[in-house]
Amino acid sequence: MSAHHGVPRRRGRVASVVHGRWADLGQALFARGDLTSDWVPAFAAVPRSAFLPDDIWPYDPVRGDHVHVSRLDDPARWQAYADTDVPVVTQWDENSDTHTPMTEPTSSSAMPSITLSMLRDLDVEAGSRVLEIGTGTGWSAGLLAHRLGRSNVVSVEVDASVAARARTRLGRIGLPVPVIGTDGLVGHPAGAPYDRIIATCGVRKIPYTWIRQSRGGGLILAPWGTHYTPMDVNVLLTVDRDARYASGRFLGPLEFTKLRAHRLAPPKHHDYLARHPFNNASASLTATTAAELGPGRFDAARFAVGIRVPDCVHAAGAERDGVQPVWFYSLTDHSWAAVMFRGTTGLATVRQAGPRRLWTEVEEALHWWHAHGCPGFERFGLTVTAEGETVWLDDPATPCRFPA
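Computed from a predicted structure; not experimentally measured.

What counts and how
Residues numbered from 1 in each chain as written. Predicted model: local features only at pLDDT ≥ 70, side-chain atom pairs only at ≥ 80, totals over all residues. Heavy atoms only, no water. Pairing = 2+ DSSP bridges. Helix = DSSP H or I, 4+ residues; strand = E, 2+ residues; numbered from the N terminus. Axes fitted to C-alpha atoms, helices over the stretch in contact; angles between N-to-C directions. Parallel < 35°, antiparallel > 145°, perpendicular 65-115°, else oblique. Left-handed = near helix turned anticlockwise from the far one by under 90°. Contact = heavy atoms within 4.5 Å. Nonpolar A, V, L, I, M, F, W, Y, C, P; charged D, E, K, R; others polar. Buried < 20%, exposed > 50% of the residue type's maximum accessible area, 1.4 Å probe, protein only. Core = buried A, V, L, I, M, F, W, Y, C linked by side-chain atoms within 4.5 Å. Phe/Tyr/Trp six-rings, centres within 6.5 Å; stacked < 30°, edge-to-face > 60°. Lys NZ or Arg CZ within 6 Å of the ring centre and 35° of its normal. Salt bridge = Lys/Arg side-chain N within 4 Å of Asp/Glu carboxyl O.

## Some points on the sheet that holds strand β13 (residues 282-286)
Okay, so step 1: Here we have 5 strands laid out as an open sheet, ordered β13-β17-β16-β15-β14, and antiparallel in their pairing. Two strands bound the open sheet, and with one partner strand each, they are β13 and β14 (312-316). Here the average twist between neighbouring strands, direction ignored, is 20°.
Okay, so step 2: Looking at chain direction, β14 and strand β15 (residues 323-330) are connected through 5 bridges and run antiparallel.

What follows is the structure in structure tokens.
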């Protein structure tokens, strides 16, 4: 899901240095450009399976859900998932001992295509010093250490148990990367400056500390998003020569477990209705359809609306009797909006309550997106300074976020 951005790709073969199902995956990723020849040696020497626990919850695309697989009970099935291009949850709700998914994955191994395409986009060079935010299983750190040398890689992980397991696995494979138990928000100033910083967790704001810990001209690659949806979009920032600000374009959509400090608890629906009862809300009609809000999980329209309507959560309810409710909740107050869509055409009923007119803001954002030619992710960019961050479209001098 990550996009190319003009980096030349060298050709080569994977099967000559990797064997079995892992080689089949590598060959497919190589053909797509996610795995480049400069990363093939690391891919061959540092398999993802070396970093996965005995109990995993890989995503099964046929079932459309995560399934529990135990290496002790079914080693062949476990290995098959480990060597497949699917995300694998390794911990739920900070409880690594449960075998039943609870509510939220808190540590996982991303799809190999995502991990490798991000390393490709990071554009490391011999001698590059890298800070990784979010160690997770340790696989990304292992790949980086094999390519650059373990003394050039530092990884930070806020979860002490996750960090400990990653240290063990990295040591076992002969790549004892320093794994620092700390919040990714603070980075690791003791090892600065870094030529590259890569986040393997979703963020809702780029910490300015990452810029100050970067070397002038360095790169920061992070999955960035808004609270409007769980979607993240990789952004590649170039740090200015004095490490005072960073700016760059978005690449492509994906979804990561969020940085602990940036996690958002689901809005409590009843609290909103208690503050502004449904019967007291203003009513109107709209010709906007549900599809116009963004038909796919990784749709650019959703990204644009999230930027233009800050501090808002979008939640689509289940369709019932031909009616699908879509709710919008403000994070700055208890304003809410609800749209009742009936089918794919015709007018939908709108109700809004509270100081903010959230549906009005959403419609205005959609009109803005259409007026600018329905821009894709690659036309958006981000600039981060000590004063804050600004999203822009095509021209950094033209911000596209409404004033907060």
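## A closer look at the packing of helix α1 (residues 21-32) against helix α4 (residues 112-122)
The axes of two packed helices give the description: the angle between them and the distance between them.
Okay, so step 1: Taken N-terminus to C-terminus, the directions of α1 and α4 make an angle of 50°; their axes are 11 Å apart at the nearest point. By the angle class used here, α1 and α4 are oblique. Crossing of α1 over α4 shows right-handed handedness. Residues Leu-25, Leu-29 and Arg-32 of α1 form the contact with α4, whose own contacting residues are Pro-112, Ser-113 and Leu-116.
Okay, so step 2: Looking at side-chain class alone, the contact of α1 with α4 contains 4 nonpolar, 1 polar and 1 charged residues.

## Some details on the side chain of Ser-113
Okay, so step 1: Considering the arrangement of structural elements, one finds Ser-113 in helix α4.
Okay, so step 2: Under the relative-accessibility criterion, Ser-113 is labelled buried at 3%.
Okay, so step 3: Look past the residues within four positions of Ser-113 in its chain and what remains in contact with it is Leu-29, Arg-32, Asp-34 and Asp-85.

## Things to note about the nonpolar core
Okay, so step 1: The biggest cluster of nonpolar side chains holds 39 residues, and the ones touching the most others in it are Leu-35, Trp-39, Leu-143, Leu-144 and Ile-198.
Okay, so step 2: At the level of secondary structure, the elements contributing two or more residues to this core comprise α1, α2 (40-45), α4, α5 (139-148), α6 (160-172), β10 (214-224) and β12 (246-254).
Okay, so step 3: Per-element tally for this core: the top contributor is α5, with 6 residues.
Okay, so step 4: If you look at the next biggest cluster of nonpolar residues, it comprises 38 residues, including Ile-133, Trp-224, Ala-301 and Phe-303.

## Description of the sheet that holds strand β7 (residues 153-156)
Okay, so step 1: Within the open sheet, the 9 strands sit side by side as β8-β7-β6-β9-β10-β11-β12-β18-β19. Their pairing is mixed. The two strands at the open ends of the sheet, each matched to only one other strand, are β8 (179-180) and β19 (388-393).
Okay, so step 2: Bridge count for β10 against strand β11 (residues 232-239) is 6 bridges, and the pairing is antiparallel. The residue of β11 that forms the bridge with Ile-220 is Leu-237.

## With respect to the packing of aromatic side chains
Okay, so step 1: With the rule as written, the count across this model stands at 16 aromatic pairs.
Okay, so step 2: An aromatic cluster is built from Trp-224, Phe-250, Phe-303, Trp-368, Phe-377 and Phe-380, whose rings are joined through pairwise contacts.
Okay, so step 3: Across from the ring centre of Trp-78, 3.9 Å away, lies the NZ or CZ of Arg-71, which sits over that ring.
Okay, so step 4: Across the ring face of Trp-39, the terminal group of Arg-147 is positioned such that the distance to the ring centre comes to 4.8 Å.

## Re the pattern of salt bridges
Okay, so step 1: Following the criterion strictly, the structure yields 13 salt bridges and no others.
Okay, so step 2: Between Arg-120 and Asp-34 there is a salt bridge, with its nearest N and O atoms 3.7 Å apart. Remark: Asp-34 occurs in the loop between α1 and α2 and Arg-120 occurs in helix α4; sequence separation between them is 86 residues.
Okay, so step 3: By relative accessible area, Asp-34 is classed as buried at 7%.
Okay, so step 4: With its nearest N and O atoms 2.9 Å apart, the salt bridge here joins Arg-215 to Asp-195. Residue Arg-215 is located in strand β10, and its partner Asp-195 is located in strand β9 (residues 194-199); the two are separated by 20 residues in the primary sequence.
Okay, so step 5: Under the relative-accessibility criterion, Arg-215 is labelled partly exposed at 38%.
Okay, so step 6: For Asp-195, a relative accessible area of 17% puts it in the buried group.
Okay, so step 7: Here the salt bridges share partners, and the residues they tie into one network are Arg-32, Asp-34, Asp-85, Arg-120 and Asp-121.

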